[in-house]
Amino acid sequence: MKMKTFGVEQWMNDYETTATYNLGETCVSPLSLHALLALTQTDEKVFTEKMLHTRLTYGDIVGAPKLRAGITQLYQNLAPKNVVTTHGAIGANSLVLTTLVEPGDEVIVVTPTYQQLQSIPEAIGATVRLLALKPENDYLPDIDQLKALVNDKTKLIVLNNPDNPSGSLMPQEHLQRIINVAKSVDAYILCDEVYRHLTQADDYSPSIIDLYDKGISTSSMSKVFSLAGLRLGWVATHDEAFMQTILSHRDYNTISCGVLDEMVAEVALDHKDDLIKRNRGIVRKNLAILSDWVDSQDHISWVKPQAGTTALLHYDFDLPSEPFCDQLFKQTGVLLVPGAEFDVEHALRIGYAFESQELQNGLDKLSSFMETLNA
């Protein structure tokens, strides 16, 4: 199977470890195990003793029962049998796509989005039709365009909600209109929901599986719960026949997830409201900082994010985004991701969910760099 180079991941691999100001980071400020236990008021001695005496078996093959029960609380009317754990959301997406998509299928994928969602179906041999998310539509899918793209060969529609990199958020009414189109051709909908719950408002943000029987949700502990180091994600769906197929395919590439990782995730999900409150506070405070900065810049425009941890910044300098970001990094130590990695030129993806002072310092360096370009 020939795969395209994974642009955003390769860029992060090349620059991330030596960045002074990592404005490419997409996870909410990561927690240590000590900080997690303190935040959740979990007895550290009791928990660590339990970990130290836990035998390192494969554990529960499809995910620890308590963990799967905790995951169901992130959705409406979901049972543990409708959830299976994976190695991160990236593993969940890969498992769904390689299970469902066959050569000759037609798949519709929003763009810009996380490249995996487009490149894996292409590598399998599916016909991939791109549904462009445009700033003039607030980066929301155009329903008329979607209707023009589907046909009786469409097996799957792939969404990312909230969207990476734009930070757009589809409300329930918009999701329902997409579902109506999917129903018209009996297509599945896969929605990467790894940033779900990181909203600027306190309203419940529905999952695709709350609304559609052929919906498939993927997510993880990485972004919303600040525990990317666990490498723990999941697939959730009400489609029991598809879940059985997923489980069969999963035997070939996962077997199970780590028992210690699952123990930590159980603590986080037992106190999900506390973690979500913490992390919403971080993204809301930092988005305000970023918004004030954008307002002060003559060469930057954007569609302000509604959710998630990332935004697309458009600039008007006559310099492609890869050399822009490379020069920025070499001169200031600031890491941003070129829009080119998402097939959007003269744009930059910025993350804003880490420490506020680091964000402000990085933005100040970015301002100084752009002054040199202006000169």
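- As named in an unreviewed UniProt entry, the protein is Aminotransferase, taken from Secundilactobacillus pentosiphilus.
- Under the Cofactor (unreviewed entry) heading, UniProt states for the protein: "pyridoxal 5'-phosphate".
- Regarding the protein, the UniProt comment filed under Sequence similarities (unreviewed entry) reads as follows: "Belongs to the class-I pyridoxal-phosphate-dependent aminotransferase family."

### With respect to a nonpolar patch on the surface
And then number 1: Residues Tyr58, Ile61 and Ile255 make up a contiguous nonpolar surface patch of roughly 290 Å² in combined accessible area.
And then number 2: Within the secondary structure, isoleucine 61 is located in the loop between helix H3 (44–52) and helix H4 (65–72).
And then number 3: Of the residues examined, isoleucine 61 reaches a relative accessible area of 37% and is grouped as partly exposed.

### Section: the pairing of strand S13 (residues 347–351)
And then number 1: Taken across its 5 residues, S13 has 5 buried, putting it largely inside the fold.
And then number 2: The two faces of S13 match: Ala347, Arg349 and Gly351 on one face and Leu348 and Ile350 on the other face are all buried.
And then number 3: Looking at chain direction, strand S10 (residues 310–315) and S13 are connected through 5 bridges and run antiparallel. In the sheet register, leucine 313 faces S13, and the bridge partner there is leucine 348.

### Overview of the layout of surface pockets
And then number 1: When its volume is computed, the largest pocket comes out at roughly 500 Å³.
And then number 2: Lining the largest pocket are 25 residues, with Glu9, Thr26, Cys27, Tyr114 and Lys223 sitting closest to its centre.
And then number 3: For the lining of the largest pocket, the secondary-structure elements that each account for two or more residues are helix H1 (7–15) and helix H5 (88–100).
And then number 4: Ranked by residue count, the leading element in the lining of the largest pocket is H1, at 4 residues.
And then number 5: Class assignment of the residues belonging to the lining of the largest pocket gives a composition of 9 nonpolar, 9 polar and 7 charged.
And then number 6: Each of domain 1 (7–32 + 273–374) and domain 2 (55–271) gives at least three residues to the lining of the largest pocket.
And then number 7: Of the pockets and cavities examined, the second largest pocket occupies roughly 200 Å³.
And then number 8: Residue classes in the lining of the second largest pocket are distributed as 6 nonpolar, 5 polar and 1 charged.

### Structural notes on the side chain of serine 168
And then number 1: Note that serine 168 resides in the loop between strand S5 (154–160) and helix H8 (172–184).
And then number 2: Among the polar contacts listed, one links the side chain of serine 168 to the backbone oxygen of tyrosine 139, at a separation of 3.0 Å.
And then number 3: For serine 168, the contacting residues outside a window of four places in its chain are Asp138, Tyr139, Leu140, Asn161, Pro162 and Asp163.

### Some thoughts on the nonpolar core
And then number 1: Counting residues in hydrophobic clusters, the biggest one holds 123 residues, and the most contacted among them are Met221, Leu290 and Phe324.
And then number 2: Counting residues per element, this core draws most heavily on helix H12 (residues 272–295), which supplies 9 residues.
And then number 3: The two domains that each donate at least three residues to this core are domain 1 (7–32 + 273–374) and domain 2 (55–271).
And then number 4: Discounting chain neighbours no more than four positions away, the residues touching methionine 221 are Ser226, Leu227, Ala228, Leu230, Leu232, Trp234, Ala265, Ala268 and Leu269.

### Digging into the UniProt feature "domain: Aminotransferase class I/classII large" (unreviewed entry) in the protein
And then number 1: Using the residue numbers shown here, the UniProt feature "domain: Aminotransferase class I/classII large" (unreviewed entry) corresponds to residues 50–366.
And then number 2: Annotated as 40% helix and 18% strand, the span residues 50–366 places its first and last C-alpha atoms 47 Å apart.

About the cut-offs
Residues numbered from 1 in each chain as written. Predicted model: local features only at pLDDT ≥ 70, side-chain atom pairs only at ≥ 80, totals over all residues. Heavy atoms only, no water. UniProt positions renumbered as here; feature names shortened; annotations may be inferred. Patch = residues over 30% accessible without salt bridge, like charges linked within 9 Å, V, L, I, M, F, W, Y side chains within 5 Å. Areas by Shrake-Rupley, 256 points an atom, 1.4 Å probe, with all protein chains shown as cover. Salt bridge = Lys/Arg side-chain N within 4 Å of Asp/Glu carboxyl O. Helix = DSSP H or I, 4+ residues; strand = E, 2+ residues; numbered from the N terminus. Buried < 20%, exposed > 50% of the residue type's maximum accessible area, 1.4 Å probe, protein only. Pairing = 2+ DSSP bridges. 1 Å grid on protein atoms, 1.4 Å probe; cavity = no way out; pocket = protein on both sides within 12 Å on 5 of 7 lines; lining within 4 Å. Points joined across faces, edges and corners; volume = space filled by probe spheres on them. Nonpolar A, V, L, I, M, F, W, Y, C, P; charged D, E, K, R; others polar. Domains from an automatic or database assignment. Polar contact = N/O pair within 3.5 Å; in protein donor to acceptor, adjacent residues only side chain to side chain. Contact = heavy atoms within 4.5 Å. Core = buried A, V, L, I, M, F, W, Y, C linked by side-chain atoms within 4.5 Å.

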